Amino acid sequence: MPRGGGVAHASARVSLWSTALGLGHLPAFCGRTGEPAGASVKFRFGTAPCWAYLMILLVCPGVGILLTSIIMRLVSRSATGRLPYVRAEANRIRLWRWGVVAAMVAVPVLLVVAVIASGGDSTVAALAWSAFLADILGACVVWFLVLPRVGPRAFVHDSHYADGRWVQLSRVHPAFATAV
């Protein structure tokens, strides 16, 4: 970590085979700070074809977000593997991920509380429904705005070879990119 206590700006790009990512054949340098890594974090990178983004329009007529998400995931090129990180950065990523899980678990609980509270005092019902909606909004903000920024971005390319696909990682530290 830099002397100021902040995280070094990660701005390099690097391309690697998806098999190297999946098998963990990466140098032991943190992808965020460039320091020697003491931990690793599992990532799943997916790149959907351009036509698949038209599936989002199906949400409007009522097909639903869940079905659209499943279809998008099925047609995406993907690569999964562990990236090296210093322990503090790995813990920070895990903390944000568990925050989303906790918020998603709280959604049905808060929905039941809000429905039950609707039969009683209107002030309590309003507070319960507000907590329910705030939880959904908070989970979406963390899922779509925070989580994509705590790790690297990736674009998964098709390959003509049987060894897998190319994964282009961006927003990684230059020392990590050089080592790869």
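Residues numbered from 1 in each chain as written. Predicted model: local features only at pLDDT ≥ 70, side-chain atom pairs only at ≥ 80, totals over all residues. Heavy atoms only, no water.

(A) Just the overall build of the protein chain, in detail. A tally of regular secondary structure across the protein chain gives 5 helices and 5 strands. Each helix and strand of the protein chain, ordered N terminal to C terminal, gives the series β-α-β-α-β-α-α-β-β-α. Counting only residues that meet the buried cut, the protein chain has 32% of its 180 residues in that class. Considering only residue pairs separated by 6 or more positions, the protein chain has 75% of its internal contacts joining residues 24 or more positions apart. For the protein chain, the accessible surface area stands at approximately 10,900 Å², while carbon and sulfur atoms represent 68% of it. (Helix = DSSP H or I, 4+ residues; strand = E, 2+ residues; numbered from the N terminus. Buried < 20%, exposed > 50% of the residue type's maximum accessible area, 1.4 Å probe, protein only. Contact = heavy atoms within 4.5 Å. Areas by Shrake-Rupley, 256 points an atom, 1.4 Å probe, with all protein chains shown as cover.)

(B) Main features of the pairing of strand E2 (residues 39-47). Side chains of E2 alternate between two faces, with Ala39, Val41, Phe43, Phe45 and Thr47 buried and Ser40, Lys42, Arg44 and Gly46 left unburied. Where E2 meets strand E3 (residues 77-85), 9 bridges bridge the pair, whose relative direction is antiparallel. What sits directly across from Val41, in E3, is Leu83. (Pairing = 2+ DSSP bridges.)

(C) Here's a closer look at the sheet that holds strand E5 (residues 166-172). Strand order across the open sheet formed by 3 strands is E1-E5-E4, with antiparallel pairing between neighbours. Each edge of the open sheet is held by one strand with a lone partner, namely strand E1 (12-17) and strand E4 (153-157). Recorded for the sheet is a direction-independent mean angle of 20° between the axes of neighbouring strands. Across 6 bridges, E1 lies against E5 in antiparallel orientation. (Axes fitted to C-alpha atoms, helices over the stretch in contact; angles between N-to-C directions.)

(D) Representation of the pattern of salt bridges in the model. The final tally for this structure, using the stated rule, is 3 salt bridges. Ionic pairing is found between Glu89 and Arg32, a salt bridge with its closest N-O pair at 3.6 Å. Of the two residues, Glu89 sits in helix H3 (residues 87-117) while Arg32 sits in the loop between helix H1 (18-23) and E2, which places them 57 residues apart along the sequence. Across the pair, exposure class does not vary: Glu89 and Arg32 are buried alike. The closest approach of N and O atoms between Arg92 and Glu89, which form a salt bridge, is 3.3 Å. (Salt bridge = Lys/Arg side-chain N within 4 Å of Asp/Glu carboxyl O.)

(E) Examining the side chain of Thr47 more closely. Residue position: Thr47 is located in strand E2. Thr47 sits in the buried class, given a relative accessible area of 6%. Setting aside residues no more than four positions away along its own chain, Thr47 makes contact with Ser76, Arg77, Ala154, Phe155 and Val156.

(F) Local environment of the packing of aromatic side chains. Counted under the stated rule, the structure contains 5 aromatic pairs. On the numbers, 6.1 Å between centres and 45° between planes, the contact of Phe43 with Tyr85 is tilted. With Phe43 in strand E2 and Tyr85 in strand E3, the pair connects residues that are 42 residues apart, well separated along the chain. Among the aromatic residues, ring-to-ring pairing joins Phe43, Phe45 and Tyr85 into one connected group. The aromatic ring of Phe43 is capped on one face by Arg97, whose charged end is 4.8 Å from the ring centroid. (Phe/Tyr/Trp six-rings, centres within 6.5 Å; stacked < 30°, edge-to-face > 60°. Lys NZ or Arg CZ within 6 Å of the ring centre and 35° of its normal.)

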